Amino acid sequence: MPNNPMDYYLIDEMFSADERAVRDTVRKFVDREVKPIIGEAWLKGEFPMPLIPKMAELGLFGSTLPEEYGGAGLSPIAYGLMMQELERGDSGLRSFASVQSSLSMFAIYKFGTEEQRRRWLPQMTAGKVIGCYGLTEPDAGSDPGAMITRARKTDKGWVLSGVKRWITNGTLAGVAVVWAKDEDGQIQGFLVEKGQPGFTTKDMKTKVSMRASITSELYLDGVEVPEASRLPGVKGLGSALSCLTEARYGIAWGVVGAAMDCLKEAIDYTATRTVFGQPLAAKQLTQERLTDMLARVVGGQLLAARLGQIKAAGKLTYAHVSLAKRENVRRSLEVARMDRELLGANGITTEYNAIRHMVNLETVDTYEGAYEVHSLIVGRDLTGQAAF
Amino acid sequence: MKVAVLVKHVPDTETRIQVKPGDKKINEEGVTYIISPFDEFAMEEALLLRERLGDVQITAVALGPQKATEALRTCLALGADDAILVSDPAFEGADAYVTAKALAAALKGGNYDLILAGKQAVDDDAAYVGTAVAEFLDLPVINLVTKLEVNKAAGTAVAARDLDGYSQVIEVKLPAVFTAQKGLNNPRLPALMGIMKAKKKEIRTLNAQALGLAPNELGAEGAKVEVKEMFVPSKARKNKVLTGAPAETAPELVKLLAEEAKVL
């Protein structure tokens, strides 16, 4: 029997039974509920909203949190496998889950008061409240410390002013985690609720990538929030970045799912597509390309699995995550491009998955720390010299 | 109420089955296992009964090697309260008769009000175990159930069966055995919380001795039928042309692609 291209190096054996069970649940969910509809949703530029309650029912939001907040206490590897399977469906779906769980819920859990946790986390686990994470600004992306959103202390609390851009789920969100600089130049986190006076959101409509994901702008025009809406555990920019480390960890896993989907598609397609009297798969050029794809998939799977082990052992550094995010996204993007090529003209339609994954991964290569930023993070770790 | 659900661990339906020449069983190397899909309907029905009736205790029961605990673990993740694995090396070579006898022995004395099973397992398609378990336990059986309603107070159940061209509604006094047919329900997936909780639930293992079965009742010796030969038929290339109006041939083509070519 030929080796299984989805698990060529028997990496399954590194996972526990419950980790595999989590993966299998999400895999079936994606096959049944996502695959049949995602191409059309992507083309229309819509997030498939009916998936939210279904994902919540399976416990996909906040799944690593303790049970008392509605989580399942998943291991880092189980969480990673969940992200892999979601992104096998679409990067936008994984982004939705990343932002809900690893950015918004994680920020509230890690830096919030017990009252803030009790108020928001169970509703967010249930998918009844969607969260978003307002860090990036029109003129502050790779350099978030340059943000110009301000938090002014008043007798009653705080007044927030500024603009956030590239915010996933912004217009859907019932609660936004907003980062702003106080008058001492310290970065603070706040929970801003939908409908608060002065707080408005607008979708960005011109994307040619990540089309099944909602990306928004947040406008904060003198939004008054009480002190009780500030996240008291925040200690400057490092706190905001620690949430990104969680999300990037999930991305390092997720993109491998997109690459697996492309590899499978390419193997299936070239087995049946005939050219010059033979299946494409019987051509040397095709076989070399498929092997190139497999090598990247296996490399990504191994890197992600080891990253998960390091995280579970409590030895993970943000530089570990940077290297894995940088490598896995770029290699997966290459795999998607190869799939696109192998599928010829069919590769440019949403009837197949290649181009959808390919242009989605262009976003993933840039967001959550651009490829180049991760080079600098790892470079600093190697040399001790900051080169930003 | 107490409900037992019989589940079988079978090769994934997408597996390309291989048999080594001379062997009388499939080559299990690299094969992934699933719960037989008809048993999933049985399990889902047990969960629905609990949602409708409240106090329902669900026990999942399987016969098989240690590996079959995975199927039971899935049932626990779905919400079964506990599980029993009937397992003994002496069962090697058992047929459906032996399997049913052993399962009946495991169920005996459990005071189950309902015993639910799939109408057949998708690996050997014997369609024997549910009925035979009922026979060994001297219980009524209703096969191929597509609807099930339980009247707890009256101690009865009403089951519907879709037959060739007509339907039947049957009432039975509990306890009774029911085998599930496609259409009974729409099985859910185990939620993440359930998977984590299942780790703490108990799976009891019963061997032949615990079941009070004698060695000559087990395995090949106790079996009533014997597999003489097993092989994967060599396929001659077969071209099929569908004729007729597109509205008729298109669904047929989809069916063939899914069921015969297995490419969908």
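Here the structure is a predicted model, which means the values were calculated and not measured.

A. Highlighting the packing of helix H7 (residues 284-312) of chain A against helix H8 (residues 318-342) of chain A. Residues and elements named next belong to chain A. Direction vectors running N to C along H7 and H8 enclose 155°, while the axes themselves pass 9 Å from each other. Relative to H8, the element H7 is oriented roughly antiparallel. Judged by the sense of rotation from one axis to the other, the crossing of H7 with H8 is left-handed. Residues Thr286, Arg289, Leu290, Asp292, Met293, Arg296, Gly300, Leu303, Ala304, Leu307 and Ile310 of H7 form the contact with H8, whose participating residues are His320, Val321, Ala324, Glu327, Asn328, Arg331, Glu334, Val335, Met338, Asp339, Glu341 and Leu342. A class-by-class count of the residues in the contact of H7 with H8 yields eleven nonpolar, four polar and eight charged.

B. Structural view of a nonpolar patch on the surface. A cluster of nonpolar side chains, Tyr8(A), Tyr9(A), Met14(A) and Leu302(A), forms an exposed patch at the surface whose accessible area comes to about 380 Å². Secondary-structure assignment places Leu302(A) in helix H7.

C. Structural context of the nonpolar core. Grouped together as the largest cluster of nonpolar side chains are 141 residues, with contacts concentrated most on Phe29(A), Met82(A), Leu86(A), Tyr133(A), Leu114(B) and Phe178(B). Take this core: its biggest share by element is 16 residues, from helix H6 (residues 237-272) of chain A. Sequence-distant contacts of Leu114(B), that is, excluding residues within four places in its chain, are made with Met1(B), Lys2(B), Val3(B), Ala4(B), Leu49(B), Leu148(B), Val150(B), Leu174(B), Ala176(B) and Phe178(B). Counting residues in hydrophobic clusters, the runner-up holds 29 residues, among them Ala104(B), Leu107(B), Leu137(B) and Ala223(B).

D. Main features of the interface of chain A and chain B. Contacts between chain A and chain B engage 21 residues on the former and 14 residues on the latter. The interface formed by chain A and chain B holds one salt bridge in total. Asp18(A) is the partner of Lys199(B) in a salt bridge, and the nearest nitrogen-oxygen pair spans 3.4 Å. Our count for the contact surface shared by chain A and chain B stands at three residue pairs in polar contact (both at pLDDT 80 or more). Of all the secondary-structure elements, those providing two or more residues to the side of chain A that touches chain B are helix H1 (17-44) and helix H2 (51-58) of chain A.

E. Representation of the pairing of strand S1 (residues 2-6) of chain B within the structure. Residues and elements named next belong to chain B. Most of S1 is tucked away, with four of its five residues classed as buried. Taken together, the five bridges between S1 and strand S4 (residues 57-63) define a ladder with parallel strand orientation. In the sheet register, Val5 faces S4, and the bridge partner there is Ala60. Here S1 pairs with strand S6 (residues 114-118) via four bridges, running parallel. For Val3, the partnering residue across the bridge sits in S6 and is Leu114.

F. Quick peek at the environment of Gln66(B). By secondary structure assignment, the location of Gln66(B) is in the loop between S4 and helix H2 (69-78). Those residues in contact with Gln66(B) that lie beyond four places of it in its chain are Leu85(B) and Ser87(B).

G. The layout of surface pockets, seen in detail. All names here are of chain A. Within this model, the second largest pocket holds a volume of roughly 1,100 Å³. Lining of the second largest pocket is provided by 43 residues; of these, Thr136, Gly141, Tyr367, Glu368 and Gly369 occupy positions nearest its centre. Looking at the lining of the second largest pocket, the elements that each hand over two or more residues are helix H4 (91-111), strand S3 (157-168), H6, helix H9 (354-366) and helix H10 (371-383). With eight residues, H6 is the largest single contributor of residues to the lining of the second largest pocket. Partitioned by chemical class, the residues of the lining of the second largest pocket number 19 nonpolar, 16 polar and eight charged.

Cut-off values and rules
- Here, residues in each chain are numbered from 1, in the same order as that chain's written sequence.
- Think of it this way: whatever chain is written first is A, whatever ligand is written first is 1, and the rest follow in order.
- Confidence filtering applies because this is a predicted model: local features only for residues at pLDDT of at least 70, side-chain atom pairs given and counted only at 80 or more, and all residues used for totals across whole chains, interfaces and linings.
- Hydrogens are left out, water is left out, and the side-chain values use all remaining heavy atoms of the structure.
- Axis definition: a line fitted to C-alpha atoms, limited for helices to the stretch in contact. Angles are taken between N-to-C directions and run from 0 to 180 degrees.
- Starting at the N terminus, helices and strands are each numbered in turn, a helix being any DSSP run of H or I of at least four residues and a strand any DSSP run of E of at least two.
- Roughly parallel refers to an angle under 35 degrees, roughly antiparallel to one over 145, roughly perpendicular to one between 65 and 115, and oblique to any angle outside these ranges.
- Each crossing gets its handedness from the near helix: less than a right angle anticlockwise from the far helix is left-handed, clockwise is right-handed.
- Any two residues having at least one pair of non-hydrogen atoms within 4.5 Å are treated as being in contact.
- Only Asp, Glu, Lys and Arg are considered charged, only Ala, Val, Leu, Ile, Met, Phe, Trp, Tyr, Cys and Pro nonpolar, and every remaining residue, Gly among them, polar.
- Patch membership needs two things, relative accessible area over 30% and no salt bridge, and members are linked within 9 Å if like-charged or within 5 Å if nonpolar (Val, Leu, Ile, Met, Phe, Trp, Tyr).
- Where accessible areas are quoted, they stem from the Shrake-Rupley method and a 1.4 Å probe; at the residue level, only the protein chains shown are allowed to cover.
- One speaks of a salt bridge when a side-chain nitrogen belonging to Lys or Arg is within 4 Å of a carboxyl oxygen belonging to Asp or Glu.
- Here, nonpolar core means buried Ala, Val, Leu, Ile, Met, Phe, Trp, Tyr and Cys residues that are tied together by side-chain atoms lying within 4.5 Å of each other.
- Per-residue accessibility, obtained with a 1.4 Å probe over protein chains only, is compared with the maximum for each type, and a residue is labelled buried under 20%, exposed over 50%, and partly exposed between these values.
- Contacts described as polar in this section are N or O atom pairs within 3.5 Å, which, within protein, must combine one atom able to donate a hydrogen with one able to accept it, while residues neighboring in sequence count only if both atoms come from side chains.
- Between any two strands, pairing holds if DSSP finds at least two bridges.
- Cavities and pockets were defined on a 1 Å grid built over protein atoms only: a cavity is a set of grid points that admits a 1.4 Å probe from which the probe cannot escape, a pocket is an open set flanked by protein on both sides within 12 Å along at least five of seven lines, and lining residues are those with an atom within 4 Å of any such point.
- Grid points are joined across faces, edges and corners, and a volume is the space filled by probe spheres set on the points.

Any functional reading would require information beyond the geometric quantities listed.
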